[in-house]
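# Close look at the chain arrangement
As a plain string of letters, each chain reads:
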Amino acid sequence: MDFALPGQATNRNHETVIVGLGRTGLSVATYLCKQGVPFVMLDTRHNPPYFNLVKQEFPDVEICLGKLSTDSFQNAKRIIVSPGVAVDNEFISCAVMQGAEYCGDIELFVNNTQVPIVAVTGSNGKSTVTSLVVEMARAADIRAYAGGNLGPPALDLLAFDDAELFVLELSSFQLESTWSLRPQVGVVLNLSSDHLDRHGSVGNYAHIKAQVYEHANFSVVNRNDTFVANMKTSGVVISFGSDSPARGEFGLIHDLENVYLAKGKNPLLVTSELAMQGEAGVLNALAALAIGDALGLSLEKMLLTLANFKGLPHRFSLVGKSQGVSWFNDSKGTNIGASICALRSLEADIILLAGGVFKGGDLSLLHEVVAKHVKHVVLFGQDAGLLKQALHGAASVCSVNTIRDAVTIARGLSRPGDKVLLSPACASFDMYEDFIARGEDFEACVKELVL
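Here we summarise the structure given alongside this text. On a predicted model such as this, the values are computed, not experimentally measured, just so you know.

Axis separation between helix H5 (residues 126-139) and helix H11 (residues 299-308) bottoms out at 9 Å; the angle between their running directions is 130°. Considered as vectors, H5 and H11 are oriented oblique to each other. Relative to H11, H5 is oriented so that their crossing is right-handed. Here H5 contributes Leu132, Glu135, Met136 and Ala139 to the contact with H11, which in turn contributes Lys301, Met302, Thr305 and Leu306. For the contact of H5 with H11, the per-class residue count stands at five nonpolar, one polar and two charged.

Structure follows, in structure tokens:
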């Protein structure tokens, strides 16, 4: 192991070990310092992103960088893992077998607040629904704050003494190290093959996601999603879906001219009046309504919020139009399910830009949707070859080296009425720091080369 030691001497006798020097690790360190708990920090990376800041904030804390070993946890009684750290790491597992306990920051958070929590998880749409629920609550004069996988780490939310509601976006990585979550409302928005490189199977992934329902007072369920509909729930169940809703449910109803968001048989809002458009926008709106209903929020305030909430950047957002061609940025589409949803929303005449680091899943599902909706596919990134093989015969497919090249090729292939969609179905880490950087590069290229 390599060591980066702020102090002169080493003292690895602390019983609390933080693994990960990212934003979450920093928030845990801040929390433990306020509690007067000594700790040591570990990270497998030689240059973790928050190393300098941690050294600055905690000059007396020992930091150990490099490959983990048995010695890393020789005196550990409690191991606090960051979301990016697999809890089945062999050395963490060994320490647990020898009596150590492990948890994540969400576990610490839920044990240190009495404020009601909305727990939002799923494969796609988590950030949008989390942000939307916060806006709905604030419109109803409730002091609500978002955190977790979106915004500040959960422990940082403890600083908001005036909080009346916390809305947590929770990833499977966070849930697998959380035991005591008892939300006022728990919701699994949807479930598609994702993070199989870490969780191994869709079944394991679904089991982890379903934890938000175990002790929820209200369980909000996507009745159209087979995985979610079969999860064990608790408390009062409120469902949403794209079909016609029964009494107390949220869904869609139709007349001769319009489609409406509805509760039971009562129309609430014409879908064309939503600021968020497309299949994903409608489902996210229905999910937020169901959550707000469970919280007792004003229906009038919720509908006003829906009419004005335009969604989040890099999530099926229109970059611009030129010569009859529309350009869409869905860089947040990092799995098959997200990209399929985006393609269905645009319906036809699509040029799809995709690629990056494939996280697992059934590519035959993507092949089927591409064959139905897409004219051309332009691939890039580490797993472009894998995608090209999987999409053979579905549409014309070519590969390029960069997103700039992809934009150039798409511009040449496009005709008036076409829609160029960046929805990679893959993670971004082969070429970019994150999906935000990828989306920003795409938008910059479109604005320079097209608009």
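What follows picks up the thread again.
Once that is clear, we can look at the sheet that holds strand S17 (residues 325-329). The strand order across the open sheet built from six strands is S16-S17-S21-S18-S19-S20, with neighbouring strands paired in mixed fashion. Because the sheet does not close on itself, it has two edges, and the strands there are strand S16 (317-322) and strand S20 (396-399). Strand after strand, the sheet turns through a mean of 20° between neighbouring axes, direction not considered. The strands that helix H12 (residues 336-346) touches are S17, strand S18 (350-355), strand S19 (374-380) and strand S21 (419-422); relative to S21, the one it contacts most, it runs at about 165°. Sitting on the sheet, helix H13 (residues 363-373) touches S18 and S19, and the angle it makes with S19 is about 130°.

A general feature of soluble globular proteins is that nonpolar side chains tend to end up buried together. In this structure, Met41, Phe109 and Leu181 are the most contacted members of the largest nonpolar core, which totals 45 residues. Taken together, the elements giving at least two residues each to this core come down to helix H1 (23-35), helix H2 (51-57), strand S4 (63-65), helix H4 (105-110), strand S7 (117-121), strand S9 (165-169) and helix H8 (202-209). Here this core gets five residues from one element, more than from any other, and that element is H1. Filtering out sequence-adjacent residues up to four positions away, methionine 41 remains in contact with Ile18, Gly20, Leu21, Gly25, Ala29, Val54, Val61, Glu62, Ile63 and Cys64. Counting 41 residues, the second largest nonpolar core, distinct from the first, contains Leu132, Ala137, Ala290 and Ile291.

Of all the five residues making up S7, five are buried; the element is thus mostly covered by neighbouring parts of the structure. Side chains Ile117, Ala119 and Thr121 of S7 all project onto a buried face; the interleaved residues Val118 and Val120 project onto the opposite face, where all are buried too. Inspection of the sheet shows S7 paired to S9 by four bridges, in the parallel sense. Bridged to valine 120 within S9 is glutamate 169. Pairing geometry for S7 and strand S10 (residues 185-188), over four bridges, is parallel. The partner of valine 120 across the bridge, within S10, is valine 187.

This paragraph deals with the pairing of strand S5 (residues 78-81). Alignment of strand S2 (residues 16-19) against S5, held across four bridges, turns out to be parallel. Residue pairing in the sheet places valine 19 in a bridge with valine 81 of S5. In this structure, S5 lies alongside strand S6 (residues 101-103), joined through three bridges in parallel fashion. Each residue of the ladder has a partner; that of arginine 78, found in S6, is glutamate 101. The parallel pair S5 and S6, bridged by helix H3 (residues 90-97), forms a crossover whose chirality is right-handed.

Here the focus is the environment of glycine 241. With respect to the helices, strands and loops of the structure, glycine 241 is situated in the loop between strand S12 (236-240) and strand S13 (250-254). For the pair glycine 241 and glycine 381, spaced 140 residues apart in sequence, the C-alpha to C-alpha distance is 35 Å. Apart from the residues lying within four places of it in its own chain, the contact partners of glycine 241 are Arg223, Asn224, Phe250, Gly251, Leu252, Leu283 and Leu286.

Our next topic: unusual backbone geometry. We note that aspartate 349 has phi near 55°; this positive angle belongs to a residue other than glycine. In this fold, aspartate 349 is placed in the loop between H12 and S18. Residue classification places aspartate 349 among the partly exposed residues on the basis of a relative accessible area of 37%. Positive phi is not limited to glycine here, since alanine 425 has a value of about 60°.

Conventions used here
Residues numbered from 1 in each chain as written. Predicted model: local features only at pLDDT ≥ 70, side-chain atom pairs only at ≥ 80, totals over all residues. Heavy atoms only, no water. Axes fitted to C-alpha atoms, helices over the stretch in contact; angles between N-to-C directions. Helix = DSSP H or I, 4+ residues; strand = E, 2+ residues; numbered from the N terminus. Parallel < 35°, antiparallel > 145°, perpendicular 65-115°, else oblique. Left-handed = near helix turned anticlockwise from the far one by under 90°. Contact = heavy atoms within 4.5 Å. Nonpolar A, V, L, I, M, F, W, Y, C, P; charged D, E, K, R; others polar. Pairing = 2+ DSSP bridges. Core = buried A, V, L, I, M, F, W, Y, C linked by side-chain atoms within 4.5 Å. Buried < 20%, exposed > 50% of the residue type's maximum accessible area, 1.4 Å probe, protein only. Right-handed = clockwise from strand over helix to strand, strands pointing away.

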